[in-house]
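What follows is each chain in one-letter form.
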Amino acid sequence: MRPSGRELNEMRAVSIETGFTKHAEGSCLIKAGDTHVLCTATIEDRVPPFIKGTGLGWVTAEYGMLPRATNTRMRREAASGKQGGRTVEIQRLIGRALRAGVDRVALGERQITIDCDVLQADGGTRCASITGGWVALRLAINKLMKTGDVHIDPLTDPVSAVSCGIYAGQPVLDLDYPEDSEAGVDGNFIMTGSGKLIEVQMSAEGSLFSRDQMNQLMDLAAKGTAELAEMQKAACK
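Residues numbered from 1 in each chain as written. Predicted model: local features only at pLDDT ≥ 70, side-chain atom pairs only at ≥ 80, totals over all residues. Heavy atoms only, no water.

K.L.:
Which parts of the structure should I look at to understand helix H6 (residues 211-235)?
P.N.:
Residues lying three or four places apart along an α-helix face the same way, a consequence of the helix completing one turn every 3.6 residues. For H6, which comprises 25 residues, the first-to-last C-alpha distance of 36 Å matches the rise-based estimate of 36 Å (1.5 Å per residue) to within 8%. Close packing links the buried residues of H6 with strand E1 (14-18), helix H4 (125-146), strand E6 (159-167), strand E7 (170-173), strand E8 (185-192) and strand E9 (197-204). (Helix = DSSP H or I, 4+ residues; strand = E, 2+ residues; numbered from the N terminus. Expected span 1.5 Å × (residues − 1). Contact = heavy atoms within 4.5 Å.)

Here you go:
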């Protein structure tokens, strides 16, 4: 039934290659099917002015898509002089999702910026960015702990994300673009490795959904994020 031939509860093939770039404190290339995102982490000994002097750390994110990440060329946002609304919304989502899994007191007064660059898009780029972004963050914090700059691990739980939706009347896990573009209901689910919810974004895209269907999608998301959490842990060993 699915264009890819996958089962309703089957994820796309996911791979995480760490140490993908030379200079970043943490980096990985995450592939979820044909969606490929480069995630890097940068550590800075400064924080935004609104938390300066509080002793709290900060994790933020920036997100962007290369011009030919999709089947037609997109104009670079730098060429227009400003970011689009979708870009701003996604990078804010990535930042607050990752912060939810961080003990900011243990992190100390420093900032870690996660850059998520979409090399190729086939649906689920924000979810892949969050999942890969956590791996880059984990690797950067590992370096802080190795040098003794951080003594208590500030990462409380892995954070990952997956999309689920109603496609052709059936709840499905991990939408690719052909499904996402035709789904009657579309949702993004961000969860911790222990199964706690961070954020849920759900919307009817042409058909309404029931509470029972929402629960089915939640169950699929819990299965998907649990699998992703195990992949994250294995990638960071």
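K.L.:
Which parts of the structure should I look at to understand the pattern of salt bridges?
P.N.:
Side chains bearing opposite charge may pair, as long as their charged atoms lie close to each other. One pass over the full model with this rule turns up eleven salt bridges. With a closest N to O distance of 3.5 Å, aspartate 176 and arginine 6 form a salt bridge. Note that aspartate 176 is positioned in the loop between E7 and helix H5 (177-180) and arginine 6 in the segment before E1, a separation of 170 residues in sequence. The burial state of aspartate 176 is the same as that of arginine 6; both residues are buried. Arginine 96 is paired through a salt bridge with glutamate 199; the nearest N and O atoms lie 2.8 Å apart. Placement of the pair is arginine 96 in helix H2 (residues 85-99) and glutamate 199 in strand E9, with a sequence separation of 103 residues. On the basis of relative accessible area, arginine 96 is assigned to the partly exposed category, the value being 34%. Overall, glutamate 199 belongs to the buried group, its relative accessible area being 19%. (Salt bridge = Lys/Arg side-chain N within 4 Å of Asp/Glu carboxyl O. Buried < 20%, exposed > 50% of the residue type's maximum accessible area, 1.4 Å probe, protein only.)

K.L.:
How should I be thinking about the side chain of asparagine 188 in this particular structure?
P.N.:
Following the sequence through the fold, asparagine 188 ends up in strand E8. Look at asparagine 188 and you get buried, because its relative accessible area is 13%. If we ignore the near neighbours within four places in the chain, the residues touching asparagine 188 are Arg126, Cys127, Val162, Ser163, Glu199, Val200 and Gln201.

K.L.:
Where do I start with the nonpolar core in this structure?
P.N.:
Nonpolar side chains in soluble globular proteins tend to end up buried together. Formed by 54 residues in total, the largest nonpolar core has its most connected members in Ile94, Leu98, Ile112, Ile114, Ile130, Leu137 and Cys164. Looking at this core, the element that brings in the most residues is H4, giving eleven residues. Those residues in contact with isoleucine 94 that sit more than four places away from it in its chain are Ala61, Tyr63, Cys116, Ser129 and Ile130. (Core = buried A, V, L, I, M, F, W, Y, C linked by side-chain atoms within 4.5 Å.)

K.L.:
Just checking my understanding: could you explain the environment of proline 49 for this structure?
P.N.:
Residue position: proline 49 is located in the loop between strand E3 (35-44) and strand E4 (58-65). Classification of proline 49 as exposed rests on a relative accessible area of 74%. Separated by 46 residues in the primary sequence, proline 49 and glycine 95 have C-alpha atoms spaced 17 Å apart.

K.L.:
When you look at the UniProt feature "domain: Exoribonuclease phosphorolytic" (unreviewed entry) in the chain in this model, what are you seeing that I'm missing?
P.N.:
The residues that UniProt annotates with the feature "domain: Exoribonuclease phosphorolytic" (unreviewed entry) are residues 10-140 and 157-224. For residues 10-140, helix accounts for 30% and strand for 31%, while the C-alpha atoms at its two ends are 31 Å apart. What you have in residues 157-224 is 26% helix and 43% strand, and the ends, taken at the C-alpha atoms, are 16 Å apart. (UniProt positions renumbered as here; feature names shortened; annotations may be inferred.)

K.L.:
So what exactly am I meant to see when it comes to a positive patch on the surface here?
P.N.:
The grouping of Arg68, Arg73, Arg75 and Arg76 at the surface amounts to a positive patch. Following the sequence through the fold, arginine 68 ends up in the loop between E4 and helix H1 (77-80). (Patch = residues over 30% accessible without salt bridge, like charges linked within 9 Å, V, L, I, M, F, W, Y side chains within 5 Å. Areas by Shrake-Rupley, 256 points an atom, 1.4 Å probe, with all protein chains shown as cover. Lys, Arg positive; Asp, Glu negative; His and termini not counted. Charge placed at Lys NZ, Arg CZ, Asp CG, Glu CD.)

K.L.:
Help me out: how do you make sense of the sheet that holds E3 in this one?
P.N.:
For sheets, the rule is that strands pair by backbone hydrogen bonds, running either parallel or antiparallel. In spatial order, the strands read E1-E2-E3-E5-E4; together these five strands make up an open sheet with mixed pairing. The open sheet has two edge strands with one neighbour each: E1 and E4. Averaged over neighbouring strand pairs, the angle between their axes works out to 20° when direction is ignored. Where E1 lies against strand E2 (residues 26-32), five bridges are found, and the strand directions are antiparallel. Each bridged residue has a counterpart across the sheet, and for valine 14 the counterpart in E2 is alanine 32. Sheet strands touched by H2: E4 and strand E5 (111-120). Its angle to E4, the strand with the most contacts, is close to 145°. (Pairing = 2+ DSSP bridges. Axes fitted to C-alpha atoms, helices over the stretch in contact; angles between N-to-C directions.)

K.L.:
Teacher, can you tell me more about the UniProt feature "binding site: phosphate" (unreviewed entry) in the chain here?
P.N.:
As recorded in UniProt, the feature "binding site: phosphate" (unreviewed entry) lies at Arg86, Gly124, Thr125 and Arg126. Separation in sequence by 41 residues is not matched in space for these annotated residues, since their most distant C-alpha atoms are only 13.5 Å apart. The annotated residues that sit in the lining of the largest cavity are Gly124. Topologically, threonine 125 is positioned in helix H4. Of the residues examined, threonine 125 reaches a relative accessible area of 6% and is grouped as buried. Among all residues touching arginine 126, those that are not within four sequence positions of it are Arg86, Glu89, Ile90, Leu93, Asn188 and Gln201. (1 Å grid on protein atoms, 1.4 Å probe; cavity = no way out; pocket = protein on both sides within 12 Å on 5 of 7 lines; lining within 4 Å.)

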